[in-house]
Amino acid sequence: MQPTFRIGPIRLAFCLLLAACGTKVETPAPITITIGGSTSMLPLLRDLADAYQAQHPNVHIAIEGYGSQGGVKRLRASSAGSPEDGLDLAASSWWPLAGIEASGDLTATMVARDGIALIVHPHNSVPGLTLLQLQRIYAGRTLKWQEVGGPSDDIVVISREDGSGTRAAFEALVMGDEPVTLAAVVMPSSAAVVEYVAKHPTAIGYVSTTYLTDTVRALPIEGQLPTSAALRSGAYPLTRSLYLVSGKASSQAARAFVGFAVSSAGQSIVARRYLPRR
């Protein structure tokens, strides 16, 4: 009878360890995903990117803010084969953007719902505005606060730069065919609008709700403040959706990030700042 040899658990583990040491483990190649566009979405994009990179250490997500229209235009150029543009995804706080979506080569995925808050200085006593009053202020037809129940000062109108998704949303929801007054002070971001209004007691501006701070006061519009409940129910009239936009040349890694943003894990991150998409 041939002798039977048994390998104890410790020796077996040692043998497996030696075998593993001789096996070459492939390190995942580094991947960069570049997202550009809406400045309103920057805080959300950074939160999502931090969580995604923690799960995928080989992925680096670069985020650039220069307006929704700028992001979508660069994405389209990238998809058309302009390597110097190098954008994987665009962030847009209003969709569709006039004159950009016509060819249908872009896919917009809604990731969150947001409100546009109208803000004034905390010392401004105006109780609130109707949509018509707001339109008349931004058209330059109402020039003094006392005409809408506020102080006797002149109104300083603050708007956003051309190409801003927040501006496109505001003008679509409030202005209709009325142009914004040429006397408006133009700011490059929601953060800049908040900073200006906080220092100028007669100013009024509009920002994403995620940028609200105690240095300014959000006005009721049609009797509604931009609370989560009012946004969810649709009672607040100035609501919009936020999008990640992909193009024909967007990488699989970029599309995977979009999938993460709309997953239950991604939407729990969205809920810290905005309303989830569903």
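Read on for an overview of the structure.

Parameters and conventions
Residues numbered from 1 in each chain as written. Predicted model: local features only at pLDDT ≥ 70, side-chain atom pairs only at ≥ 80, totals over all residues. Heavy atoms only, no water. Helix = DSSP H or I, 4+ residues; strand = E, 2+ residues; numbered from the N terminus. Expected span 1.5 Å × (residues − 1). Buried < 20%, exposed > 50% of the residue type's maximum accessible area, 1.4 Å probe, protein only. Core = buried A, V, L, I, M, F, W, Y, C linked by side-chain atoms within 4.5 Å. Contact = heavy atoms within 4.5 Å. Phe/Tyr/Trp six-rings, centres within 6.5 Å; stacked < 30°, edge-to-face > 60°.

**Quick word on helix H2 (residues 42-55)**
Move 1: Counted at 1.5 Å a residue, the expected span for H2 with its 14 residues is 20 Å, and the 20 Å between its end C-alpha atoms agrees.
Move 2: Turning to H2, its buried residues number three or more, namely Leu42, Pro43, Leu44, Leu45, Asp47, Leu48, Ala49 and Tyr52.

**Notes on the nonpolar core**
Move 1: Of all hydrophobic cores here, the largest spans 38 residues; its most connected members are Leu118, Leu129, Leu134, Ile137, Tyr138, Phe170 and Ile204.
Move 2: Only helix H3 (68-79), strand S4 (106-120), helix H4 (131-138), helix H5 (165-175), strand S7 (203-208), helix H7 (228-233) and strand S9 (239-247) provide two or more residues apiece to this core.
Move 3: If we skip the residues at most four places from it in the chain, Leu118 touches Leu134, Tyr138, Phe170, Ile204, Gly205, Tyr206, Arg217, Ala218, Leu219, Ile221, Tyr236 and Leu238.
Move 4: Grouped together as the second largest cluster of nonpolar side chains are 26 residues, Leu48, Ala91, Ala261 and Val270 included.

**A closer look at the environment of Gly67**
Move 1: As for its position among the elements, Gly67 is in the loop between strand S2 (59-65) and H3.
Move 2: Overall, the relative accessible area of 1% leaves Gly67 in the buried class.
Move 3: Separated by 30 residues in sequence, Gly67 and Gly37 have C-alpha atoms that sit 4.7 Å apart.
Move 4: The residues contacting Gly67, other than those within four sequence positions of it, are Gly37, Ser38, Thr39, Glu161 and Gly163.

**Describing the packing of aromatic side chains**
Move 1: Enumeration over the complete set of coordinates arrives at 5 aromatic pairs.
Move 2: Aromatic side chains Phe170 and Tyr206 sit 4.1 Å apart centroid to centroid with 5° between the ring planes, which places their arrangement in the stacked category. One end of the pair, Phe170, is in helix H5; the other, Tyr206, is in strand S7, with 36 residues separating them in the sequence.
Move 3: Accessibility expressed as a relative area gives 1% for Tyr206, which makes it buried.
Move 4: Each residue in the set Tyr52, Phe257 and Phe260 is aromatic and connected to the rest through ring pairs, giving one cluster.

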